[in-house]
Amino acid sequence: MTLICRLTTLILLAAFTATVATAEKTASVDFNNAGVQAYNQGEYDTAIGYFERAQKGDADQEVVRRNLCNAHQSLANELAKKGDYHGAVHHADSAATLDQKNMSPLVQAGSYYLRLDEVNLAIERLEKAITVKPGELTAHEMLGYAYYRDNDLSSARAQWDYVLEMDPKRPELRERYDKAFREQSVENDFDRYKSRHFQVSYPPEIPNELRAQVIGILDRAYVEIGRDFGGVYPPPPVHVILYDAKQFAEATNTAAYVGALYDGKIRSPLADANGNWLPVDEIRRRLTHEYVHVVVKHITGGEPPWWVNEGLAETLSRTLDADRTKALQKLYREGTPATLASLESTRIGKLDKDAIGQAYIQSHATVDLLWSRYGKGKMVLLLEAVGRGENIEDALRDVYRKTRAGIEVDVARNYG
Ligand SMILES: [Zn+2]
């Protein structure tokens, strides 16, 4: 979700300047005016420095405070555009503290916290936003989404019902609403189990022993995948929803070959279409794969190119065993491997099952090569660069000194 940031126009200070006289007052006003000038040139950091200095003097403090608040908000907006949500949220929070009657920095902070998966902090900001300005539909909609992310579907519904009542023409919200309540109809009587890092919802039929195994798999993924990325631990709780095969299909509306998915919550069936529990190794592979997506999203704040995301999830959840290696050799010797560029915009569901299988295995081989040849540190750098909004070709060149075409040649050489 992107935030529409409505900044109030910065107040210019001509009349204000004319009313001050003493040297001390002039210094404070000068700082304020220098801040306005920097702001107008888009130098928000510099502007903040000036406005802060203008706070110690006789300049109209109400004006200075509002200017400082605007500068923090504009800098936050700029940082968020670059994908730096940590920096962005710091400035949005500063703006909210400066102007407590202003709803807009609270909504801004709420949206950034959601991007950082800090759902509880997002809820706190957004609840405050609708207290400051009840009826602001963007804030209510976003708060509904934050509740949804927290798996509090009934609170989410209350917010969204209100928004849709006020403005029925919100197609994106309608879609999200329908998805949430398709899920709710399946998950209504699910039990919940909370561990330190995960909140797991599951149908009551799941045997206790299997549930305990699943929690063990998740806790281990938390430690091992976090360590693989050099110490990346998303804030708790990560929501995990377990289903049987029919419930999974109903709740997620996906094709039969989708084994599990992550859409902000990890969703995975534990049984096959015949009702048999899946082997524990298979459950481990699927949950670990999805947990890699959680960590990748936490690093990038969004979605990296498809082959990077899926290639990482595969590399860290399964080995390139003899069967997969054989399939890759066949592909690179006799078949038509896809270009990496074409694997960037791939949307699951648009390809047929075989093409998807090939896309996964190629992505696996490519990331496996980058990971084993150049190490995990470089991969983290790549994800961070993509998270800052760098395009993948530039990011690969910066981090690996390689182009996509160069990497394609290396992978082909491995299997050709
Ligand atoms: Zn995946």
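Conventions we followed
- Residues numbered from 1 in each chain as written.
- Predicted model: local features only at pLDDT ≥ 70, side-chain atom pairs only at ≥ 80, totals over all residues.
- Heavy atoms only, no water.
- Core = buried A, V, L, I, M, F, W, Y, C linked by side-chain atoms within 4.5 Å.
- Buried < 20%, exposed > 50% of the residue type's maximum accessible area, 1.4 Å probe, protein only.
- Helix = DSSP H or I, 4+ residues; strand = E, 2+ residues; numbered from the N terminus.
- Domains from an automatic or database assignment.
- Contact = heavy atoms within 4.5 Å.
- Polar contact = N/O pair within 3.5 Å; in protein donor to acceptor, adjacent residues only side chain to side chain.
- Donors = N, O, S within 2.8 Å, 3.2 Å for Na, K, Ca; no water.
- Tetrahedral: all angles 85-135°; square planar, octahedral: opposite > 155°, others 65-115°.
- Axes fitted to C-alpha atoms, helices over the stretch in contact; angles between N-to-C directions.
- Parallel < 35°, antiparallel > 145°, perpendicular 65-115°, else oblique.
- Nonpolar A, V, L, I, M, F, W, Y, C, P; charged D, E, K, R; others polar.
- Expected span 1.5 Å × (residues − 1).
- Phe/Tyr/Trp six-rings, centres within 6.5 Å; stacked < 30°, edge-to-face > 60°.
- Lys NZ or Arg CZ within 6 Å of the ring centre and 35° of its normal.
- Salt bridge = Lys/Arg side-chain N within 4 Å of Asp/Glu carboxyl O.
- Left-handed = near helix turned anticlockwise from the far one by under 90°.

### Some remarks on the nonpolar core
Next, step 1: Phe229, Tyr291, Trp307 and Leu312 are the most contacted members of the largest nonpolar core, which totals 64 residues.
Next, step 2: In terms of residue count, helix 16 (residues 353-374) provides more of this core than any other element does, 9 residues in total.
Next, step 3: When residues are assigned to domains, this core turns out to be shared by domain 2 (191-299) and domain 3 (306-415), each giving three or more.
Next, step 4: If we skip the residues at most four places from it in the chain, Phe229 touches Val292, Val295, Val296, Ile299, Leu312, Leu316, Trp371, Val380 and Leu383.
Next, step 5: Ala80, Tyr85, Leu116 and Leu126 belong to the second largest nonpolar core, which has 49 residues in total.

### Details of the side chain of His140
Next, step 1: Following the sequence through the fold, His140 ends up in helix 8 (residues 137-149).
Next, step 2: The buried category is assigned to His140, whose relative accessible area is 8%.
Next, step 3: A polar contact of 3.1 Å, which involves the side chain of His140, links it to the backbone nitrogen of Gly135.
Next, step 4: Residues within four places of His140 in sequence aside, it is in contact with Ile130, Pro134, Gly135, Gln159, Tyr162 and Val163.

### Points about the coordination of the zinc ion
Any two of four tetrahedral donors ideally make an angle of 109.5 degrees at the metal, while pairs among six octahedral donors ideally make 90 or 180 degrees.
Next, step 1: Note on the zinc ion: its protein donors are His289 (NE2), His293 (NE2), Glu310 (OE) and Glu310 (OE). The metal-donor distances range over 2.0 to 2.8 Å.
Next, step 2: For the zinc ion, the 4 donor atoms in the first shell make angles of 52 to 142° at the metal, a pattern classed as irregular.

### Notes on the packing of helix 14 (residues 306-315) against helix 16
Next, step 1: The interhelical angle for the contact between helix 14 and helix 16, taken along N-to-C directions, is 75°, at an axis separation of 7 Å. Considering the angle they form, helix 14 stands roughly perpendicular to helix 16. Contacts between helix 14 and helix 16 involve Trp306, Trp307, Val308, Glu310, Gly311, Leu312, Glu314 and Thr315 from the former and Ala359, Tyr360, Ser363, His364, Thr366, Val367, Asp368, Leu370 and Trp371 from the latter.
Next, step 2: Across the contact of helix 14 with helix 16, the residue classes tally to 9 nonpolar, 5 polar and 3 charged.

### Describing the side chain of Ser28
Next, step 1: Checked against the element boundaries, Ser28 lands in helix 2 (residues 23-40).
Next, step 2: Overall, Ser28 belongs to the buried group, its relative accessible area being 2%.
Next, step 3: Excluding its chain neighbours within four sequence positions, the residues that come into contact with Ser28 are Ala54, Gly57, Asp58 and Ala59.

### Brief notes about the domain arrangement of the protein
Next, step 1: Split by domain assignment, the protein resolves into domain 1 (14-184), domain 2 (191-299) and domain 3 (306-415).
Next, step 2: For domain 1 and domain 3, the distance between their C-alpha centres works out to 38 Å.

### Observations regarding helix 17 (residues 376-387)
Next, step 1: Between the first and last C-alpha of helix 17 there are 16 Å, a value that for 12 residues agrees with the 16 Å anticipated at 1.5 Å per step.
Next, step 2: Residues of helix 17 that are buried include every one of Met379, Val380, Leu382, Leu383, Ala385, Val386 and Gly387, and no others.

### Quick look at the packing of aromatic side chains
Next, step 1: Applying the stated rule across the entire model yields 17 aromatic pairs.
Next, step 2: When the centroid spacing of 6.0 Å and the interplanar angle of 50° are considered together, the rings of Tyr85 and Tyr112 count as tilted. Here Tyr112 lies in helix 6 (residues 104-115) and Tyr85 lies in helix 5 (residues 85-98), a separation of 27 residues in the sequence.
Next, step 3: By relative accessible area, which is 11% here, Tyr85 ends up buried.
Next, step 4: For Tyr112, a relative accessible area of 4% translates into the label buried.
Next, step 5: Each residue in the set Tyr145, Tyr148, Trp160, Tyr177 and Phe181 is aromatic and connected to the rest through ring pairs, giving one cluster.
Next, step 6: Sitting over the face of the ring of Tyr145, Arg176 holds its NZ or CZ atom 3.9 Å from the ring centroid.
Next, step 7: One Lys or Arg, Lys265, reaches over the ring of Tyr148 and ends 3.7 Å from the middle of that ring.

### Let's talk about the pattern of salt bridges
Next, step 1: Across all of its chains, the model carries 29 salt bridges by this definition.
Next, step 2: Between Glu282 and Arg286 there is a salt bridge, with its nearest N and O atoms 2.8 Å apart. Remark: Arg286 and Glu282 occur in helix 13 (residues 280-300); sequence separation between them is 4 residues, near one turn of the helix.
Next, step 3: In the salt-bridge network here, residues are joined through shared partners; they are Glu282, Arg285, Arg286, Glu314, Arg318 and Arg324.

### Some points on the packing of helix 7 (residues 119-132) against helix 8
Next, step 1: At a closest axis distance of 9 Å, the pairing of helix 7 and helix 8 adopts a crossing angle of 150°. Relative to helix 8, the element helix 7 lies roughly antiparallel. Crossing hand, helix 7 versus helix 8: left-handed. On helix 8, the residues that touch Val119, Ile123, Leu126, Glu127, Ala129 and Ile130 of helix 7 are Ala139, His140, Met142, Leu143, Ala146, Tyr147 and Arg149.

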